[in-house]
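Reading the structure
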2 protein chains.
Amino acid sequence: MTFRYTLIGLFIALCSGLVQAREHPSIFITTQEAKEISENISNYPVLQKSFDSAVDQIEKALKNEMIIPPPGEAGGYEHEKHKQNYREMRNAGLLFAITGESKYSTFVHTMLRRYAKIYPDLGPHPLSYKQSPGKIFHQTLNEAVWLVYASIAYDCIYNTLSVSERRYLEDRLFYPMANWFSVRNAEQFNRIHNHGTWTCASVGMIGYVMGDQELVNRAIYGTKNNGTGGFLKQLDLLFSPDGYYMEGPYYIRYALRPFFLFADAIHRNQPELNIYEHRDGILKKVVYSAVQTTFPNGVFAPINDASRTMNVKAPGVLFSTNIAYLRYGKDKNLLAISGIQDQVILNGAGLKLAADMPENAPELSWPSVEFRDGSEGEKGGLGILRTGEGLAQTMLLMKYGSHGLGHGHFDKLQILLFDQGQEVLPDYGFARFINTEPKFGGRYLPENDSYAKQTIAHNTVVVNQKSQNNGNRKKADASWAERHFFDASDPSIQVVSAYANQQYEGVKQQRTSFLINNDAFEHPVVIDLFRLESENVNEYDYTLHFRGQVITSSDIKAETKQLQPLGGTHGYQHIWKTAEHQTDSLVQLTWLQGNRYYTTTVAASPSTKVIMGRTGANDPNFNLYQEPMMVVRRNATSHLFVSVIEPHGFFNEAGEVSRNALSSIADLRVLITTAEMSVVEITKKDGKTYRLALSNVGSGNHSYSVYGAESKWQGQFDFEEVKNTSKQ
Amino acid sequence: MTFRYTLIGLFIALCSGLVQAREHPSIFITTQEAKEISENISNYPVLQKSFDSAVDQIEKALKNEMIIPPPGEAGGYEHEKHKQNYREMRNAGLLFAITGESKYSTFVHTMLRRYAKIYPDLGPHPLSYKQSPGKIFHQTLNEAVWLVYASIAYDCIYNTLSVSERRYLEDRLFYPMANWFSVRNAEQFNRIHNHGTWTCASVGMIGYVMGDQELVNRAIYGTKNNGTGGFLKQLDLLFSPDGYYMEGPYYIRYALRPFFLFADAIHRNQPELNIYEHRDGILKKVVYSAVQTTFPNGVFAPINDASRTMNVKAPGVLFSTNIAYLRYGKDKNLLAISGIQDQVILNGAGLKLAADMPENAPELSWPSVEFRDGSEGEKGGLGILRTGEGLAQTMLLMKYGSHGLGHGHFDKLQILLFDQGQEVLPDYGFARFINTEPKFGGRYLPENDSYAKQTIAHNTVVVNQKSQNNGNRKKADASWAERHFFDASDPSIQVVSAYANQQYEGVKQQRTSFLINNDAFEHPVVIDLFRLESENVNEYDYTLHFRGQVITSSDIKAETKQLQPLGGTHGYQHIWKTAEHQTDSLVQLTWLQGNRYYTTTVAASPSTKVIMGRTGANDPNFNLYQEPMMVVRRNATSHLFVSVIEPHGFFNEAGEVSRNALSSIADLRVLITTAEMSVVEITKKDGKTYRLALSNVGSGNHSYSVYGAESKWQGQFDFEEVKNTSKQ
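Computed from a prediction, not measured in an experiment: that's the story for all the values here. Residue positions are given per chain, counting from 1 as you read along its sequence in written order. Lettering of chains starts at A and numbering of ligands starts at 1, both following the order in which they are written. Local features in this predicted model are restricted to residues whose pLDDT is 70 or higher, and side-chain atom pairs enter the listing and the counts only when it is 80 or higher, whereas totals over whole chains, interfaces and linings include all residues.

1. As for the overall build of chain A
Where we set the bar: Only runs of H or I of at least four residues qualify as helices and only runs of E of at least two qualify as strands under DSSP, and these elements are numbered from the N terminus. Neighbour counting defines burial: a residue surrounded by 20 or more other C-beta atoms within 10 Å of its own C-beta is buried, one with 12 or fewer is exposed, and intermediate counts give partly exposed, using backbone-placed C-beta atoms. Two residues qualify as a contact pair if the distance between their C-beta atoms, derived from the backbone, is within 7 Å.
Assigned secondary structure in chain A consists of 18 helices and 27 strands. Overall size of chain A, expressed as C-alpha extent along the three principal axes, is 95 × 55 × 50 Å. Per-residue burial for chain A yields a buried fraction of 54% across its 728 residues. For chain A, restricting intrachain contacts to residue pairs at least 6 apart in sequence, the fraction spanning at least 24 positions comes to 65%.

Below, the structure is given as structure tokens:
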């Protein structure tokens, strides 16, 4: 088999006439870039640091015995060793390109030879689990990463090898592996999914290095060479027109690597394909939409099955932001991200960033932005409102897109709030301790399904204690939320509004969240209007998760003698009910987090229940974090929840300073709520009164009458101080 | 009255003949120091920063209207404004001394005049609460701080005032205030307590400025001028011979300010008193023992009623460490502390520190140390073992001193462990949100008495679910723990051992904790032997508080359906029992905190109960933090708890790396436990076996026989690998 493929490869290579013509290295770095890096290392601190780090890694590797273990289980020693090997190969290759020192090329060659020695005798990995198996790794995914890195390394040392040395590697290792991916596992190869992207990228990149345009074409156009699969098709279908990736930012940060590494290899070798302009510059939108879905500290908003801490330091983000900076032009926020990364990649892109980096990296300050979801932008989206600069930025995110396949959560219309450098209204993220062997082998824990995915685990409304789409993924994938409007044109009052009418049968939902930054409040506040419309009486649980310590709670008293689960299913079974309180009055809950107090004020409504909860019930193995939440519960046909989430004051325990520990809000009332319009009034303790009017339908001219006086306004919403309130 | 005191003051001043002779300023800074600061500001970054910060503060004050409000309630606006005023006066005075700019002296003079205008008409503060009242503030304590700062300010502008201007201030303000403290409230003035120190310091300092040696003498020797009260007596009685302060570090950090400000004023004006050499240099020991009771991050160990975050940035620590650096000589760790403080005081001491500060401040790395408690060193003490450097240092603290009066906790023999820059076995600290008005006015919460002070809130053993000394403060003050031995001579195995025989009737307690840093373990580990001896059967609860997430728990399953309090009194009523498990086998609990796993392994013993708990029960107002703990419970007459607290592995969620999530310990056994000796054996998963032998009595030659073989050893303890175990 090896022999046959070699012949085919040779034939194609000869036909395309590229074998002799192609420069090496060419897919990640050129000789010219390597020379410029070599000349400038000491001029740019971050370049020096990145170079030194690679040198340290390889010098250490050179001192130790080179080990090519047999295939092993996921996350185990062998698995990690193979990963370490490909990282070392890549860096050794780049160091050879930059320094010309033969110890580095010899290292790469030796390691490749050792893999070539064993590879032909390996069968499909025995421990693959629902995945398409690799040979070195349990799944082709990891093996494709191996090949991407090995391709860069091989490219760098290509010119040091004799024809027979190359043939040994290509015949025994590269061709068999590329064919394993693209012939034997052609289905996955053609699949429009980020795993497909990895295998395409790896086959295309080794194709370029070996001068095999047929392999390259297979990667770009699919195995049928007609564009029904392959890289371009993935660029066309995996992203919305705004570059948003339906599985969410945690997943795209992993896929950014093959997208950008292969794109750059294409750009360098087939510039005529204008890959960076493809689909109106979709790759730019992809990387920007990914990094704009981070909190101001560079951590990705943990939407869907996602870790709470994944951030812009991830390798995929490093590669893609560096390359985007070179290919799409300078950008202050990419410099800011590079400052957080504190590292650059060792090629022309990293060199460019290092050269442009000022002594102090700028602060990360993205503007407000909305991303449409769905490949045609037809499936709702994600709205992000921001005010302030850098770490002092306040960020409000609303999710109203599609479900996100197997990793999706039943979280439509949820909001996340970030303030003061931390999550204030957080998402639970996934229930998983990644790679922690005693926690179910580091895999998703059962509580990921039973709690983290459920609607109650999110800052949205749960209807009748059931998750959206009844917790059924297929139904959820077939439905989505819809945008209503997004307006960030006025920095003092920004707003995002969306509908979710397909999540609960017979219940229409609309959420409109304002981020207000004006003189009325000490810090930016959120005014949240969540409207539910139904012909039946339903139980509506308006849920907010928070962190920190309760300071005051308007007569809500904690359970003292006994705790029981809040419910039996749909995640409720995992919540200890720590308090329950019935009221007809205004609800206020103040908590302390970090150096600020936060108060949620919810407008009064008859027979409202306020429930406090804490995760951890029905969790025999201590798998859940123990975190607090509040639920405002109403039984009604239609109902409008109105709340203000208000950061206020200052607390510094060590400094023994506390200011404004109490909310500035004296009252919050719903004046009008109809299908057309909602009008709410906020009275502050300083006596000032503000009115917020929202059109539930469209902009235009509106009027309403309260307290015997008519008010006229126009547009989608209106917020103003009421100068002469004549309440009755 | 004012007139009379003025005459007395004038008389004394004339008699002492010092009015004309004394230089101004002289109590905190001299003209020469001010000149040197002025000349060197731009040379030393931290000096520049500290100066700029003072300038910013005063320039802002100059722009705003000067407000001298009427007296107000503690923590309220007026209270805070008076505090702001004294801070501004002091800095404006120093800025005048340094720059000579009249706007600063005018500011001080104006403010002092305005206080002098109102002061004679003020009566005792109406809102004092069990405290001796001030006039501007609700208690003399705050007012004494005011006078200390005003004295420094007055000293700085003294020479700019005419005799009549001075007389106006002294007649109406300084003499009445000094006499209010030292005549009207003479009892508190003479009291051997840190509140007394503040009033002494304030009276003495204003005495120096006004040239009134009688006031100074009153402050130094007490109102009877015979040394039965006053500053020297406080230095003699408030501290142990090692400088340890019985109330603990949280309290001394506040008292450091008057001690050092007054001491330096004495040193400058009456050098013949050799104040810094008094009681064998007790002031040096005081400041060093305070700052050595910090965790490696500069936060004070929260012993007794103490906040969890108070740190070396506190003003008292700033003043005292700066002055100590000048008066007692250079010290790398004081430089490290100054690096954390990122600020120096504006006098010769701050100048000296600023001049000596290297570009990068050194890391804080205190050595292991033991402090005796009691004014004669007779009341037990505090042992601190440390290994490693800087923030990577591991620190183990054992408390075996006196109770600490009204702020004392029933916590004898408790241990605290700090590792990886965080508390791993923490103390709850106080139950209080300082200055947070809606939390009981910022005062101690009821849960401070009912939980935080109780024995179960600490990492020690509770007998029969009752606190030490039955939770009775008077009994506790009359008893204390006793040191057994402390040995930090071998950096690979350090140990502290103490007894507590007066805390539970009929129960003798001995705890011996080793901090071991050798090749046997990945990171430093604690081996803890807690021995209880009684003739009666008691219930012993060996308690460890931790933070972080449980990873594995040797078959302990969490309660799933219902939580109830662990007990009814002595703090147990505040703990939700989250799990209970009975076993005859080894107990292991692994949790994840930060980037490390931690396992506590407890040697097997028949019918052992393992209880997991979480604070928050019987807490209707959400006053308690919700934090986990484990309790290993045995009913026995005498019993030895042996545990290993073992940091291991590495976890980085964002990096998706997990290593060694499981303990390295396979078995832990008690081989021998008698009144004379305890021998335990640790078997690691790598097959290695170690034995630790401890003499419960004294050093010398020992032998024991297990597995049919005799072992001889000598000294207080012995730890070694067992090369040829022949177990049966």
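2. Regarding the relation of the copies chain A and chain B
Keep this limit in mind: Copy-to-copy superposition: least squares on the C-alpha atoms, limited to residues that have pLDDT of at least 70 in both copies.
When chain A is brought onto chain B, the operation consists of a screw motion whose angular component is 180 degrees and whose axial shift is 0.1 Å, with 0.1 Å RMSD remaining. With respect to symmetry, the two chain copies, as superposed, fit the operation of a two-fold axis. Nearest to the rotation axis, the C-alpha of A:Leu563 is located 2.5 Å from it, this being the minimum over chain A. With an isologous cut-off of 70% or more, the 100% of interface residues of chain A that recur at the interface of chain B puts this contact in the isologous class.

3. Some points on the packing of helix α4 (residues 77-99) of chain B against helix α5 (residues 102-118) of chain B
A pair of packed helices can be characterised by two numbers: the angle between their axes and the separation between those axes. Residues and elements named next belong to chain B. Selection rule: To obtain an axis, a line is fitted to C-alpha atoms, over the contacting stretch when the element is a helix, and the angle between two such axes runs from 0 to 180 degrees between their N-to-C directions. Throughout, a crossing is termed right-handed when the near helix is turned clockwise from the far one, and left-handed when it is turned anticlockwise from it by less than a right angle.
Two numbers describe how α4 lies on α5: the axes approach to 8 Å, and their chain directions differ by 145 degrees. Along this stretch, α4 crosses α5, giving a crossing that reads as left-handed. Contacts between α4 and α5 pair Asn85, Met89, Ala92, Gly93, Leu95, Phe96 and Thr99 from the former with Tyr104, Ser105, Phe107, Val108 and Met111 from the latter.

4. Concerning the environment of A:Thr31
Residue and element names in this part refer to chain A. By the element assignment, Thr31 lies in helix α2 (residues 31-40). Thr31 gets classed as partly exposed once you count the C-beta atoms within 10 Å, which come to 15. Between the C-alpha atom of Thr31 and that of Leu232, which follows or precedes it by 201 residues, the distance is 28 Å.

5. Structural notes on helix α12 (residues 249-269) of chain A
Since one α-helical turn is 3.6 residues long, residues separated by three or four positions face the same way. Note the cut-off: To estimate the expected span of a helix, count its residues, drop one, and scale the result by 1.5 Å.
Taking 1.5 Å as the rise per residue, α12(A) with 21 residues should run 30 Å; its terminal C-alpha atoms sit 29 Å apart, in good agreement. Among the 21 residues that make up α12(A), 19 are buried, leaving the element largely enclosed by the rest of the structure.

6. Some points on the domain arrangement of chain A
Residue and element names in this part refer to chain A. The criterion, for reference: These domain limits were set by an automatic method or by a database of domain assignments. Three residue categories are used. Nonpolar comprises Ala, Val, Leu, Ile, Met, Phe, Trp, Tyr, Cys and Pro, charged comprises Asp, Glu, Lys and Arg, and polar comprises the others, including Gly.
By the assigned domains, chain A splits into domain 1 (1-237), domain 2 (239-366), domain 3 (379-663) and domain 4 (664-728). Summarising the inter-unit geometry, the C-alpha centres of domain 3 and domain 4 are found 25 Å apart. On the domain 4 side, the residues contacting the 22 residues of domain 3 number 18 residues. Within the residue set of the side of domain 3 that touches domain 4, elements represented by two or more residues are β7 (482-487), β8 (493-504), β9 (507-516), β10 (525-534) and β19 (639-648). No other element matches the 5 residues that β19 contributes to the side of domain 3 that touches domain 4. Classifying every residue of the side of domain 3 that touches domain 4 gives 13 nonpolar, 5 polar and 4 charged.

7. Looking at the sheet that holds strand β11 (residues 538-545) of chain A
All names here are of chain A. Let me state the cut-off plainly: When DSSP finds at least two bridges between two strands, those strands are taken to pair.
Read from one edge to the other, the open sheet built from 6 strands follows the order β6-β11-β18-β17-β14-β13, with strand pairing classed as antiparallel. If you trace the sheet from one side to the other, it starts and ends with β6 (461-463) and β13 (564-565), each paired once. Strand direction decides the pairing type here: β13 and strand β14 (residues 575-583), joined by 2 bridges, are antiparallel. Counted as the bridge partner of Gln564 is Lys577 from β14.

8. Brief notes about the interface of chain A and chain B
Each side of the interface is counted separately: chain A has 41 residues, and chain B has 41 residues. Going through the elements one at a time, β12 (549-552), β13 and β21 (657-659) of chain A are the ones with two or more residues in the side of chain A that touches chain B. For the side of chain A that touches chain B, the per-class residue count stands at 18 nonpolar, 15 polar and 8 charged.

9. Description of the packing of helix α6 (residues 140-157) of chain B against helix α7 (residues 163-184) of chain B
Residue and element names in this part refer to chain B. Going by this rule: Between 65 and 115 degrees an angle is taken as roughly perpendicular, under 35 as roughly parallel, over 145 as roughly antiparallel, and anywhere else as oblique.
Orientation of α6 relative to α7, taken along the N-to-C sense of each, is 140 degrees, at an axis distance of 11 Å. By the angle between their directions, the pair α6 and α7 is classed as oblique. Between α6 and α7 the crossing geometry is left-handed. Contacts between α6 and α7 involve Thr140, Glu143, Ala144, Leu147 and Tyr154 from the first element and Leu169, Met177 and Phe181 from the second. Taken together, the residues that form the contact of α6 with α7 break down as 6 nonpolar, 1 polar and 1 charged.

10. Side note on the pairing of strand β14 (residues 575-583) of chain B
The sheet contact formed by β14(B) and strand β17 (residues 608-615) of chain B spans 8 bridges and is antiparallel. By the bridge assignment for β17(B), B:Ala579 is matched with B:Met612.

11. Observations concerning the sheet that holds strand β6 (residues 461-463) of chain B
The strand order across the open sheet formed by 6 strands is β6-β11-β18-β17-β14-β13 (chain B), and the pairing between neighbours is antiparallel. The sheet terminates laterally at β6 and β13 (564-565) of chain B, the two strands that pair on one side only.

12. Observations concerning unusual backbone geometry
The omega angle of the peptide bond from A:His24 to A:Pro25 is -10 degrees, so this bond is cis rather than trans. Mapped onto the elements of the fold, A:Pro25 is located in the loop between α1 (2-16) and α2. With phi around 55 degrees, B:Gln465 is a residue other than glycine that occupies positive phi space. Examined against the element boundaries, B:Gln465 turns out to sit in the loop between β6 and α18 (473-477). Located in the positive-phi region is B:Asn618, a residue other than glycine, with phi close to 50 degrees. Along the polypeptide, B:Asn618 turns up in the loop between β17 and β18 (628-636). In this structure B:Asn618 comes out as buried when scored by C-beta crowding, with 20 C-beta atoms within 10 Å.

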